[in-house]
4 protein chains.
Amino acid sequence: MVKKVAVLTSGGDAPGMNAAIRAVIRAGIHNGMKMYSVFEGYKGLVEDDIIEVDRTFVSEILMRGGTILRSARLPEFKEPAYLKKAADNLKSHGIDALIVIGGDGTYRGANDLSKYGINCIAIPATIDNDIDSTDYTIGFDTCLNTIVQAVDRLRDTTSSHQRCSIIEVMGNKKGDLALYGGTACGVDLILSREYYPDMNEIVAKLRHIRMNRARHALVLVSENLVPDLNEFAKTITEKTGFATRVEVLGRLQRGGSPTATDRILAARLGVQAIDVLVKGLENQAVGIVNNKLVSNPLEEALKMKKSSGIELINVISTLK
Amino acid sequence: MVKKVAVLTSGGDAPGMNAAIRAVIRAGIHNGMKMYSVFEGYKGLVEDDIIEVDRTFVSEILMRGGTILRSARLPEFKEPAYLKKAADNLKSHGIDALIVIGGDGTYRGANDLSKYGINCIAIPATIDNDIDSTDYTIGFDTCLNTIVQAVDRLRDTTSSHQRCSIIEVMGNKKGDLALYGGTACGVDLILSREYYPDMNEIVAKLRHIRMNRARHALVLVSENLVPDLNEFAKTITEKTGFATRVEVLGRLQRGGSPTATDRILAARLGVQAIDVLVKGLENQAVGIVNNKLVSNPLEEALKMKKSSGIELINVISTLK
Amino acid sequence: MVKKVAVLTSGGDAPGMNAAIRAVIRAGIHNGMKMYSVFEGYKGLVEDDIIEVDRTFVSEILMRGGTILRSARLPEFKEPAYLKKAADNLKSHGIDALIVIGGDGTYRGANDLSKYGINCIAIPATIDNDIDSTDYTIGFDTCLNTIVQAVDRLRDTTSSHQRCSIIEVMGNKKGDLALYGGTACGVDLILSREYYPDMNEIVAKLRHIRMNRARHALVLVSENLVPDLNEFAKTITEKTGFATRVEVLGRLQRGGSPTATDRILAARLGVQAIDVLVKGLENQAVGIVNNKLVSNPLEEALKMKKSSGIELINVISTLK
Amino acid sequence: MVKKVAVLTSGGDAPGMNAAIRAVIRAGIHNGMKMYSVFEGYKGLVEDDIIEVDRTFVSEILMRGGTILRSARLPEFKEPAYLKKAADNLKSHGIDALIVIGGDGTYRGANDLSKYGINCIAIPATIDNDIDSTDYTIGFDTCLNTIVQAVDRLRDTTSSHQRCSIIEVMGNKKGDLALYGGTACGVDLILSREYYPDMNEIVAKLRHIRMNRARHALVLVSENLVPDLNEFAKTITEKTGFATRVEVLGRLQRGGSPTATDRILAARLGVQAIDVLVKGLENQAVGIVNNKLVSNPLEEALKMKKSSGIELINVISTLK
């Protein structure tokens, strides 16, 4: 059986990463393994920034945002020289397996590294919910609640001034933050990759709101979708009469103490990652699908496609 | 098809009830139905406190805790005279169907009423997560986060004074609030119906914590479980040396603006309740099982048994 | 004595405006006055959007952000025709006095209007704390806490990625939000009108942090201060080696349920405004100076100069 | 000049104590002093649990509730043997001065210790705001906001069920938490040492609310005031018809990340305590009076009497 296991976080940080680190290390020790921490993701692997840790290392971190293991991006981590160095460093410590916590890029790095004889297990953690082998990623729920709180605040001022606010949220290549966040906030219009009405429809909708229903409007937009948000706002103003303002929520969406749901998901997936090792599986991506813990070969996980938010789009168009 | 539909909330209130009321009324209107509100639950039904409402009736309520339809308990609402009066009142308005939002007792009332010719659809909303025909109820996620925030606060003072805090949470007949809440908070010990070690084991565990690991301890306990919490605390103090304090979180667990998860669940289940009517089904309990919307005959739903938290107990014992 | 009193909110909205409206209306009724609401600030005054209200009009608004009276800007409200129309409308209702709740521009409007025979009392409410006749304005404390929460979130991700984050806060012509907010957050550097080191000093400081003390840095900057924040960030990156990101907190700083301090200040100032009328004073600006309620002639209030944050700058330079 | 300074926290913990510790230690180092931490208050002084610390010791603690120096009660710390041992321990480290952070009991301990040749400076930190030599104590503002959030939650359920909720808050021997908290929450009735109507008046008021104004009521009560709250609630139910529930907020009032106001007050008072030492003063209590930093001889500070909340009682009776 696997005896020595290292853990790292990589890519954009997400609330709940610390809860996942805690779960992995405690579950490993519970199963008699020696546990190691790698700092700054794949960079620390290549630079041999690896230490053995005990269970007190992860005391009092459960409720903290960010990642105590820190994160970094290392674009070179696909070149053979880097991958080999990383694998050699792990082997020099006698480490059999590596658990990586992160998003899409982290998964690819783990998959590449697995070719060099390291058993890699991946845990999904990103606010963007853009990993196709799991229904939900660690950090998504906290980010949704951060968006809800920000939009609830913006509603106060938007409504007092009878404006239209266009609010940009993150999401990377998926619209989940916009679709789920927009549903949770009851905004008037959501624009995402999965649901993007043309300009005439947008204008008609906002005009209708202005004339018939209310004197303010909230629009939630996925990042990297509308080419120029300020131009977009100007057009809205001209065509609807709404004084329109753009708000970019930015990186505060990445932070904060994780919600109950993210802490529990992190606990479950951390324990699951160790269970997968105990069962003797290799190179797996763990996740949660239909409310059940799953594990898929990393290679296959990277090829999966999930269709997100379809049912939600029906809910959204029914309620507005 | 159903033309006129009434909606009410009943039993203990839960965050997200307003979001569910909004979804039901908007989805009904979207489907061409006339929508009615009943105030104070079954009491308002018997007293004919019923009005027709439009979509502006539910503006700006999505983010508010409690229920704008108010709630009340009416223990007599199982006697034929009351049930018949309620059904007659609905019929006098020409109302074909009733959507009830609440917990176990609410479901029973709806089932009884259905015998008097009213098509009743039940939506699960209770902080206790104790409805067996759904994995999650509206309000559970908000309550978990309220518990997490309260316990995070209590940890500050418990740790500063190196005490043991015994914290009572709600949950009615289920331990879900204790099990999920305890996992989310990383408490040292959870006592619930589903997981209740004997006193020797409890003492051994707390002694071990005091001697070896830390100088404070957090214990989460389901309500109505330990006969006398103050006596229990005294025993802990005597046998472990910990200065021990009891905290009862109380009804603040019922309030607050709903989380993103509860708002989205409310939107989905509200739309689903109307869909069920559109499809011509009768006397159904809607819910979410394995992350999919479901609908079961009300009669059957009341007989279901779900085993809650089993997997979580494994996670809990692994991490502690 | 004054018998009929109107109230309005004007300019940028601030949390606690509703609490102030509630206090004014309840205190007026308590003193036997008839109370009127004006909608959309001076615009509503000119358009005669004025109604009599009772104490239930302000039920359940204490905890809500924004302003139920709405706000609007009317740049023409200094031209005699507009001022006369406003005064005439008030007189046509028999209204003797007007209480305005807002910032600097609101005060000027009130002062201008007072020349047309309307007794105007001004209550300071703006997140920017830029009214010189009061130590604190309603909304400032809530905004500070919003900034604290946002920066606490940004610290998570800034620290995980070992970056430098440059965070822009509001404040209009005063640096109070940056100075108080920066002190509360313990940021590494504050740039405001009152405290603005030159570029060499900034670079030296951040370099020192990067080399000696920590691997991340937080900088808080007042709005409208640095000509181009993105250029500024680029310079920081080049000269210090820190990966630097700009975050603009934006209008969410205006929203949210008011803090205890803002609610209490709003209650005190609302009661004070009515007291001033009961005492027979005219054209006053109420405020709080050295923790005592004060009242100054509006004309004089507009000429006052307070030196803000001097003592705080000493605290800041001692702690960093 | 003073060269070596120790700091401790004592008594009940309060949010902002960590911010005060940070300010004291950083301001001391800034002034060229060697700084020492004492753990567990006066107990650690007697047991010589004292270490020298540097500025990184207080990194990342500003935003955390509780106290990293921990706290403990030592009732014997007035007996000469204990006081002498404490003074001897400090002298053995060459420590010239001690800064204590806490409440009333902490001040008394410092005053007693000063007789044994230790220069003691006291910083007021307690949620109860019951130190007479300062207008505000560190922790009071955070606690008020915790109460506001809890009462806002309880309002949801109280209103949904049309009940009367009697909510007990802390405050020790002062009614400030009830008076300020009640004003901030707009409750219907406040009972405190400073304002306690007789039972007939209470009943008349609640009856009036039930009959005329609203269908729910919120009552805020100081701890240790009403002999038996459950009996009290029963009487209310019998005499007013309100279903009445008792809620005890408990120790969660002690925890939580400090508010902006408490963090800033802690920064100012921490710097002030060191300034007092730099100026060569001895045995002082620092504080804030009329928004200005003050310093009084400890002996005199203990004899001061402030009349709290008088003006607030006028505000409260005007608004209700």
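Residues numbered from 1 in each chain as written. Chains lettered and ligands numbered in written order. Predicted model: local features only at pLDDT ≥ 70, side-chain atom pairs only at ≥ 80, totals over all residues.

**A closer look at the overall build of chain A**
Part 1 of the reasoning: Helix and strand counts for chain A stand at 11 helices and 11 strands.
Part 2 of the reasoning: Whereas a compact globule of 320 residues would reach a radius of gyration of roughly 20 Å, chain A reaches 22 Å, a difference of no more than 12%.
Part 3 of the reasoning: For chain A, the C-alpha atoms occupy an extent of roughly 70 × 35 × 35 Å along the three principal directions.
Part 4 of the reasoning: For chain A, buried positions account for 61% of its 320 residues.
Part 5 of the reasoning: Across chain A, the fraction of contacts at a sequence separation of at least 24, relative to all contacts at a separation of at least 6, is 76%. (Helix = DSSP H or I, 4+ residues; strand = E, 2+ residues; numbered from the N terminus. Rg over C-alpha atoms; globule rule 2.2 N^0.38 Å. Buried ≥ 20, exposed ≤ 12 C-beta atoms within 10 Å, placed from the backbone. Contact = placed C-beta atoms within 7 Å.)

**A few points about unusual backbone geometry**
Part 1 of the reasoning: Not every positive phi belongs to a glycine, and N283 of chain B is a case in point at roughly 50°.
Part 2 of the reasoning: Considering the arrangement of structural elements, one finds N283 of chain B in the loop between α9 (260-278) and β10 (284-289).
Part 3 of the reasoning: N283 of chain B gets classed as buried once you count the C-beta atoms within 10 Å, which come to 22.
Part 4 of the reasoning: Here E60 of chain D, not a glycine, exhibits a phi torsion of approximately 60°, which is positive.

**A word on the sheet that holds strand β6 (residues 164-169) of chain D**
Residue and element names in this part refer to chain D.
Part 1 of the reasoning: The parallel open sheet is built from four strands, whose spatial order is β7-β8-β6-β9. Single-partner strands in this sheet number two, and they are β7 (189-191) and β9 (244-248). Each strand axis lies, on average, 20° off the axis of its neighbour in the sheet, ignoring direction.
Part 2 of the reasoning: Alignment of β6 against strand β8 (residues 217-222), held across six bridges, turns out to be parallel. Within β8, the position partnered with E168 by the bridge is V221.
Part 3 of the reasoning: Sheet strands in contact with helix α5 (residues 140-161) are β6, β8 and β9, and its direction is about 165° off that of β6. (Pairing = 2+ DSSP bridges. Axes fitted to C-alpha atoms, helices over the stretch in contact; angles between N-to-C directions.)

**Focus: the relation of the copies chain B and chain D**
In this structure, two copies of a chain are linked by a rotation about an axis accompanied by a shift along it.
Part 1 of the reasoning: For the pair chain B and chain D, the relating rotation is 180°, the translation along its axis is 0.0 Å, and the fit reaches an RMSD of 0.0 Å. Here the two chains are linked by the operation of a two-fold rotation axis.
Part 2 of the reasoning: An overlap of 100% is found between the interface residues of chain B and their copies at the interface of chain D, pointing to a shared contact surface. (Least-squares fit on C-alpha atoms with pLDDT ≥ 70 in both.)

**Focus on the environment of I147 of chain B**
Residue and element names in this part refer to chain B.
Part 1 of the reasoning: Tracing the chain through its elements places I147 in helix α5 (residues 140-161).
Part 2 of the reasoning: Taking the C-alpha atoms as reference points, I147 and L177, 30 residues apart in sequence, are found 8.4 Å from one another.
Part 3 of the reasoning: Apart from residues no more than four positions distant in its own chain, I147 is found in contact with V169, L177, G181, L249 and Q253.

**What about the arrangement of the chains?**
Part 1 of the reasoning: No interface is formed between chain B and chain C, the nearest pair of C-alpha atoms being 11 Å apart.
Part 2 of the reasoning: The two partners chain A and chain D share no contact, and the minimum distance between any of their C-alpha atoms is 11 Å.

**Focus: the environment of N224 of chain C**
Part 1 of the reasoning: For N224 of chain C, the location among the structural elements is in the loop between β8 (217-222) and α8 (229-240).
Part 2 of the reasoning: Spatially, the C-alpha atom of N224 of chain C lies 7.7 Å from that of N172 of chain C, the residues being 52 residues apart in sequence.

**Examining the domain arrangement of chain A**
Reports often express the size of an interface as the amount of accessible area lost when the parts come together.
Residues and elements named next belong to chain A.
Part 1 of the reasoning: Under the domain assignment used here, chain A contains domain 1 (4-139 + 258-305) and domain 2 (141-254).
Part 2 of the reasoning: Inter-centroid distance (C-alpha atoms) of domain 1 to domain 2 is 34 Å.
Part 3 of the reasoning: The residue makeup of the side of domain 1 that touches domain 2, split by class, is four nonpolar, six polar and four charged. (Domains from an automatic or database assignment. Nonpolar A, V, L, I, M, F, W, Y, C, P; charged D, E, K, R; others polar.)

**Some points on the relation of the copies chain A and chain C**
Part 1 of the reasoning: Superposition record for chain A on chain C: RMSD 0.0 Å, screw rotation 180°, translation along axis 0.0 Å.
Part 2 of the reasoning: A share of 100% of the interface residues of chain A reappears at the interface of chain C, consistent with the copies meeting face to face through the same patch.

**Here's the deal with helix α11 (residues 310-319) of chain B**
Part 1 of the reasoning: Looking at α11 of chain B, one finds that the buried residues are L312, V315, I316 and L319 of chain B. Projected down its long axis, α11 of chain B carries its buried residues within an arc of 100°, all on one side. Of the exposed residues in α11 of chain B, those oriented more than 90 degrees away from the buried face are I310 and S317 of chain B.
Part 2 of the reasoning: Close packing links the buried residues of α11 of chain B with α1 (17-30) and α9 (260-278) of chain A together with α6 (176-185) and β7 (189-191) of chain B. (Arc of directions from axis to C-beta.)

**A short note on the interface of chain A and chain C**
Part 1 of the reasoning: Of the residues lining the interface, 25 residues belong to chain A; the matching set on chain C comes to 25 residues.
Part 2 of the reasoning: Listed by contribution, the elements that provide at least two residues to the side of chain A that touches chain C are α5 (140-161) and β9 (244-248) of chain A.
Part 3 of the reasoning: With nine residues, α5 of chain A is the largest single contributor of residues to the side of chain A that touches chain C.
Part 4 of the reasoning: Of the residues contributing to the side of chain A that touches chain C, the split by class is four nonpolar, 12 polar and nine charged.

**Here we look at the nonpolar core**
Part 1 of the reasoning: Core analysis: the largest hydrophobic core is formed by 417 residues, its most contacted members being A20 of chain A, A20 of chain B, A20 of chain C together with A20 of chain D.
Part 2 of the reasoning: Filtering out sequence-adjacent residues up to four positions away, A20 of chain C remains in contact with I101, I123, A125, I138, A266, L269 and G270 of chain C. (Core = buried A, V, L, I, M, F, W, Y, C linked by C-beta atoms within 7 Å.)

**Points about the interface of chain B and chain D**
Part 1 of the reasoning: Taken together, the contact between chain B and chain D spans 25 residues of the former and 25 residues of the latter.
Part 2 of the reasoning: Mapped onto the side of chain B that touches chain D, the elements with two or more residues apiece are α5 and β9 (244-248) of chain B.
Part 3 of the reasoning: Per element, the largest residue contribution to the side of chain B that touches chain D is nine residues, and it comes from α5 of chain B.
Part 4 of the reasoning: Here the residues of the side of chain B that touches chain D sort into four nonpolar, 12 polar and nine charged.

**A look at the environment of L191 of chain C**
All names here are of chain C.
Part 1 of the reasoning: Positionally, L191 belongs in strand β7 (residues 189-191).
Part 2 of the reasoning: You can call L191 buried: it has 21 C-beta atoms within 10 Å.
Part 3 of the reasoning: Apart from the residues within four sequence positions on either side, L191 is in contact with A178, Y196, V219, V221, S222, L225 and V226.

**Some points on the sheet that holds strand β7 (residues 189-191) of chain A**
Residues and elements named next belong to chain A.
Part 1 of the reasoning: Spatially, β7-β8-β6-β9 is the arrangement adopted by the four strands of the open sheet, whose pairing is parallel. Among the strands making up the open sheet, the edge pair consists of β7 and β9. Each strand of the sheet is rotated relative to its neighbour by a mean of 20°, with strand direction disregarded.
Part 2 of the reasoning: On top of the sheet, α5 reaches β6 (164-169), β8 (217-222) and β9; it is set at about 165° to β6, its chief contact.

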